[in-house]
Structure formats: structure tokens, C-alpha cells
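Structure at a glance
What follows is each chain in one-letter form.
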Amino acid sequence: MTTTLIRGGTVVTATGRSRADVLVDGETIVAVLAPGSVLLGTDLSRAVDSVIDATGKYVIPGGIDAHTHMELPFGGTAASDTFETGTRAAAWGGTTTIIDFAVQTYGQRVMDGLATWHEKARGNCAIDYGFHQIVGDVNEDSLNALEGLADEGITSFKMFMAYPGVFYSDDAQILRAMQGAARTGLMTMMHAENGPAIDVLVSQLLAQGKTDPYYHGVARAWQMEEEATHRAIMLANLTGAPLYVVHVSAKQAVEQLAAARDVGQNVFGETCPQYLYLSLEEQLAAPGFEGAKWVCSTPLRSRAEGHQAHMWQSLRTNDIQMVSTDHCPFCMKGQKDLGLGNFSKIPNGIGSVEHRMDLLYQGVVDGQISLERWVEITSTTPARMFGLYGKKGVIAPGADADLVIYDPSGHTSIGYEKTHHMNMDHSAWEGFEIDGHVDTVLSRGKVVIDDNQYLGAKGDGQFVKRGLSQYLI
Ligand code: DUC
Ligand code: ZN
Ligand code: ZN
């Protein structure tokens, strides 16, 4: 077993920061020590196999991106990152665990869909990974399958109120699945947009010749998100199921969640970097077909209406609990361009798995969130929300040595095709400058990124079985 001492850094957790040394034995953190690293008279730096100097840097628990879609079949194509390329890019950006979505397609059995996702990921990942289960066909058989999901280490499942004819579940299906969730303690995750109403608006816009990417945002109006969020909350309220709404982008949807939480309902919301930084006016409305780079659902919202500022505020007030990426990359050539002349055919998704930690750290620099809150919303809460806490999301003896050494004096220019590691021919983040840098990344004790080099290997990452959410009551 290799022993490593990370010396001289400032250890930052969700609850505070302090100068401390971190001792790693094999894959596990074994001690967090007062600086100086002397234990029972022994200078630890002489006793260990390797020493990493973290002087002037932050030592944080590895990021957990609880919402990714590697290789997701969507819109007649598939997300361009494989588990290999996507998890390697995640490691570059200081994320050491992803939770991807296994898909049950319409007519398929849940456990068959899950088996397919295991096959895609097994032996290919650079970092640890878990799965949520997408239930694309709620029927008697899939409801029964949900009962056995926790035994597989999958303690959350997602349904869609959008995408009729693909992933869509109607209210009756959602109600039945939530009844199961209330019984089993599985977390219900919801894509909350009113899909059937959106489809009417899409047809009307196309009939008027409004075919540019911008109209994707017009069709998927905030009212569609607010209404669906409210409906999901009410169905969860009726059944007693815990509810986690994914990729919240509209301030009105946040208000629905906040109101439910205020009266004691166990509901949660996740947002994504794109809803903090990007907008309908600046990105989706870009000239020509450029806006296709930012077609995702829920869509980017209007800055004039104040959604982005409200989202940062919600992170401060805990009306939104965490930030994932909804990483779902598509190349412009051969993928996004399927929607030339018809915005509804543009595959939905943005690639961000590599940039989440940096983009949120910039929020610290800009005074939007505290350093501790950065760690909380990118690592600790995801771990607690999805049954990983203890092993992940914390720097403490017994935890996996998933660690990031982050340099606040460093700099990262993100986004250009040649400077990121995601399998994309463009970047949604081109031109973003970050006042910080991911220097070193350890994944279960192994240094996988150091000094701008990738030192890991395909297959380093293991499937992680998750327990129930810590947020259940
Ligand atoms: N939204 C996206 O942007 N892509 C994949 C699926 C989704 O819900
Ligand atoms: Zn979704
Ligand atoms: Zn998603």
C-alpha cells in the first residue's frame, strides 16, 4: 500500500477551513493532522512513500457530479462522450465521482436497461461512478423492478414530465411510481417541464417559420417549468415521496420549491452551471445556427428577467441545494446540425463535466458563494443526497482518498476545443476565464491529474453502490 502525505494546505470542507495535513494510506484517508505532520515524535514526511506540497492551496474533497449522460441515445444520435472520455475529462476538472443515468427505454425491462449501462461503463471509467435509473416506461413490471433497485446500489430514479413519446410519464404513472418511492425510500428525480404543452408551442413556432435555436427557449417557457414543478411537488406531497427536481433554471420553479420547503415538504432542487452563467439573450440568440451549442432542456433563461441572479441567490439561501452539470455533449458537426432549419431536431445538451468545479469556484471569487459553500454544493451535499456520504464528499479518516488540490493563485482559460478534454468539437464555455486551477487530483489515493498531466488509466474507476439519501425523514 502506498502512503501519501498532503502537506501544508488549507483543508476546506462544507463546515470550515483549517491548515492541516492529510495522510492517505492506499485508497483511504487515515488522518487529518495539525500542520507539521509530526506523529508520536515521527516526522511523517520522512515516513511516507510520497509527499505532495499543498502550500498556499486548498485541499478539498473530490467533486461529485450527480447528473451526467455519457453515451445517452438522444434525438437520433448519442451523447458524444463515452464513459472513458467523459470520466477522464471529469478528472481533469477535479470531479472524482459521477452519477450517470441508466436508461429504461419504452418497452424495455428496467433491469435490462441497467445491465446495458453497466456494460457501457464497466472497465472504462477514470473515476468512480454510480447510476440513477431513468424509468421511461412506468408499468406494472417497472414498478415491481423499482422495489429491487436499492439492492443494486441504485437508490434514485428519474422520470420525465417532458419528451412525449420518448421518456414521458403522465401524472397517473408518476403518482404510482411516487407511491413506490414513498414506500422504498428511493429518491424520485424529476425532469419538470410540461412536455405536451411545449410540443404544441413547438409546432406553432415551426409553422410560423421560427426555426432558429432561439425558439427552443421560447417554446420551453418558464411557465412550462413552473407548472410542472408545482405539479410534481403536489404529487410528492400527496404520496409522501421525497422529490429532487433536476436542472432547475426558472426562478419561478425555485419559488415553488422554496414554498414547499417552507411548509416542511421534503423537496430539493439542483441547478447547473449553465443556468448560473448563460442566458437566452446572449447564447441561445447567437447569430445563425451558433445558438445550437446551448440548446439544452430545461433551456437557458432570460437575463433581463433575472433568473441567473436569482439562482445564485438560491444557492446562498439553500433554496437550491446543489449543482450538477447535466453533462450531455453533442458535436456541432453531425449532431447539433441535425437541427439546421428546425430547432426541435437539435439534440438537447451541453458538455460541462470538466468545468463545474472551476465555474463554481469562480462564484467564490466573484463573491456569490463562500468557499465552504462551494465544497458543499459540489461534493458534500451530492454525497449526502445520493447515499455516498462517509466514503465520498468529506475529508475525514475512513473516507476514500478522493481529493483535489486547488490553487487559488492559478488560472484556467476554459473552453477552447484544444484545451478541454471532452469529446466535443466546440465548447459551451469558450472564453471563460477562471481565477483558480485544479493542480492535483487523487482518486481513491491514486494521483490521476498532476501538473497538467493525466496519470490515470481507463478502468481505475469502480462502480459505487449507493445507500439511501441522508435527507430522508
Ligand atoms: N436535457 C438535456 O439537455 N439533455 C438530455 C436530457 C435532458 O433532459
Ligand atoms: Zn432532464
Ligand atoms: Zn439530464
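Cut-offs applied
Residues numbered from 1 in each chain as written. Chains lettered and ligands numbered in written order. Predicted model: local features only at pLDDT ≥ 70, side-chain atom pairs only at ≥ 80, totals over all residues. Heavy atoms only, no water. Donors = N, O, S within 2.8 Å, 3.2 Å for Na, K, Ca; no water. Helix = DSSP H or I, 4+ residues; strand = E, 2+ residues; numbered from the N terminus. Buried < 20%, exposed > 50% of the residue type's maximum accessible area, 1.4 Å probe, protein only. Axes fitted to C-alpha atoms, helices over the stretch in contact; angles between N-to-C directions. Parallel < 35°, antiparallel > 145°, perpendicular 65-115°, else oblique. Left-handed = near helix turned anticlockwise from the far one by under 90°. Contact = heavy atoms within 4.5 Å. Nonpolar A, V, L, I, M, F, W, Y, C, P; charged D, E, K, R; others polar. Pairing = 2+ DSSP bridges. Core = buried A, V, L, I, M, F, W, Y, C linked by side-chain atoms within 4.5 Å. Tetrahedral: all angles 85-135°; square planar, octahedral: opposite > 155°, others 65-115°. Polar contact = N/O pair within 3.5 Å; in protein donor to acceptor, adjacent residues only side chain to side chain. Near = heavy atom within 4 Å. Salt bridge = Lys/Arg side-chain N within 4 Å of Asp/Glu carboxyl O.

**Considerations on the coordination of the zinc ion (ligand 3)**
- Only His67 (NE2), His69 (NE2) and Asp326 (OD) from the protein reach the zinc ion (ligand 3) as donors, at distances of 2.0 to 2.2 Å.
- Metal-to-metal, the separation of the zinc ion (ligand 3) and the zinc ion (ligand 2) is 3.7 Å. Here His69, found in the loop between strand 8 (63-68) and strand 9 (73-74), pairs with Asp326, found in the loop between strand 17 (322-323) and helix 13 (356-365); they are 257 residues apart in sequence, far enough to count as distant.
- A relative accessible area of 9% places Asp326 in the buried class.

**Some remarks on the packing of helix 5 (residues 171-184) against helix 8 (residues 222-239)**
- In the contact formed by helix 5 and helix 8, the axes pass within 9 Å of each other and the chain directions differ by 45°. Judged by the angle between their axes, helix 5 and helix 8 are oblique. For the pair helix 5 and helix 8, the sense of crossing is right-handed. When helix 5 is examined against helix 8, the residues Asp171, Ile174, Leu175, Met178, Gln179 and Ala182 are found in contact with a partner set consisting of Arg231, Ala232, Leu235, Ala236, Leu238 and Thr239.
- Residues belonging to the contact of helix 5 with helix 8 are distributed by class as follows: eight nonpolar, two polar and two charged.

**Looking at the sheet that holds strand 11 (residues 95-104)**
- In space, the eight strands of this open sheet follow the order 8-11-12-13-14-15-16-17, with parallel pairing throughout. With partners counted over all chains shown, the strands left at the sheet margins are strand 8 and strand 17, one partner each.
- Relative to strand 16 (residues 267-271), strand 15 (residues 243-245) runs parallel, the two being bridged by three bridges. Opposite Leu243, over in strand 16, you have Val267 as the bridge partner.

**Let's talk about the nonpolar core**
- Counting 115 residues, the largest nonpolar core has Leu360 and Trp374 as its most contacted members.
- Among the elements that line this core, the one with the most residues is helix 14 (residues 371-385), at six residues.
- Not counting residues up to four positions away in its chain, the partners in contact with Leu360 are Pro273, Leu276, Trp312, Leu315, Val323, Ile369, Trp374, Ile377 and Thr378.
- If you look at the next biggest cluster of nonpolar residues, it comprises 16 residues, including Ile6, Val11, Leu403 and Leu442.

**A word on the coordination of the zinc ion (ligand 2)**
- At this site the zinc ion (ligand 2) is bound by Lys158 (NZ), His191 (ND1) and His247 (NE2), with donor distances of 2.1 to 2.6 Å.
- For the zinc ion (ligand 2), the four donor atoms in the first shell make angles of 82 to 131° at the metal, so the coordination geometry reads as irregular.
- Motif for the zinc ion (ligand 2), donor spacing along one chain: K-x32-H-x55-H.

**Observations regarding the side chain of Ser142**
- Structurally, the position occupied by Ser142 is in helix 4 (residues 140-147).
- The class for Ser142 is buried, based on a relative accessible area of 2%.
- In this structure the side chain of Ser142 is engaged in a polar contact, spanning 2.5 Å, whose partner is the backbone oxygen of Asp137.
- Residues in contact with Ser142, not counting those within four places in the same chain, are Gln104, Val110, Val135 and Asp137.

**Concerning the site of ligand 1**
- Close contacts around ligand 1 come from Phe74, Phe160, Tyr163, His191, His247, Cys296, Ser297, Asp326, Cys328, Asn348 and Gly349, and that covers them all.
- A distance of 3.0 Å separates an oxygen atom of ligand 1 from a polar atom in the side chain of His191.
- Class assignment of the residues belonging to the shell around ligand 1 gives a composition of five nonpolar, five polar and one charged.

**A word on the packing of helix 13 against helix 14**
- Running from N to C, helix 13 and helix 14 point in directions that differ by 150°, and their axes come no closer than 9 Å. Taken together, helix 13 and helix 14 sit at an angle that is classed as roughly antiparallel. Regarding helix 13 and helix 14, the two cross each other, and that crossing is right-handed. For the pair helix 13 and helix 14, the contacting residues are Arg356, Met357, Leu360, Tyr361 and Val364 in the first and Leu371, Trp374, Ile377 and Thr378 in the second.

**Comments concerning unusual backbone geometry**
- Look at the link from Ser297 to Thr298: it is a cis peptide, with omega at 0°.
- Mapping Thr298 onto the fold places it in the loop between helix 11 (280-284) and helix 12 (307-317).
- One non-glycine residue, Arg444, adopts positive backbone phi at about 40°.
- Take Arg444: it is sitting in the loop between strand 21 (437-443) and strand 22 (446-450).
- Positive phi, close to 60°, is recorded for Asn452, a residue that is not glycine.
- Relative to the helices and strands, Asn452 is located in the loop between strand 22 and strand 23 (453-454).

**Examining the environment of Leu23**
- With respect to the helices and strands, Leu23 occurs in strand 2 (residues 16-25).
- Judged by its relative accessible area of 12%, Leu23 falls in the buried class.
- On a C-alpha basis, the gap between Leu23 and Leu33 in space is 7.7 Å, while along the polypeptide they are ten residues apart.
- Residue contacts for Leu23: discarding those within four places in its chain leaves Thr4, Leu5, Thr28, Ile29, Val30, Ala31, Leu33, Leu44 and Val48.

**A few points about the pattern of salt bridges**
- For the structure on display, the rule yields 22 salt bridges.
- Residue Glu84 is joined to Arg88 by a salt bridge in which the shortest nitrogen-to-oxygen separation is 3.5 Å. In this pair, Glu84 and Arg88 are both assigned in helix 2 (residues 83-92), four residues apart and thus about one turn of the helix distant.
- The class of Glu84 is partly exposed, set by a relative accessible area of 27%.
- The shortest N-O distance in the salt bridge between Arg176 and Glu140 comes to 3.1 Å. Highlighted residues: Arg176 in helix 5 and Glu140 in helix 4, separated in sequence by 36 residues.
- Residue Glu140 is classed as partly exposed on the basis of its relative accessible area of 48%.

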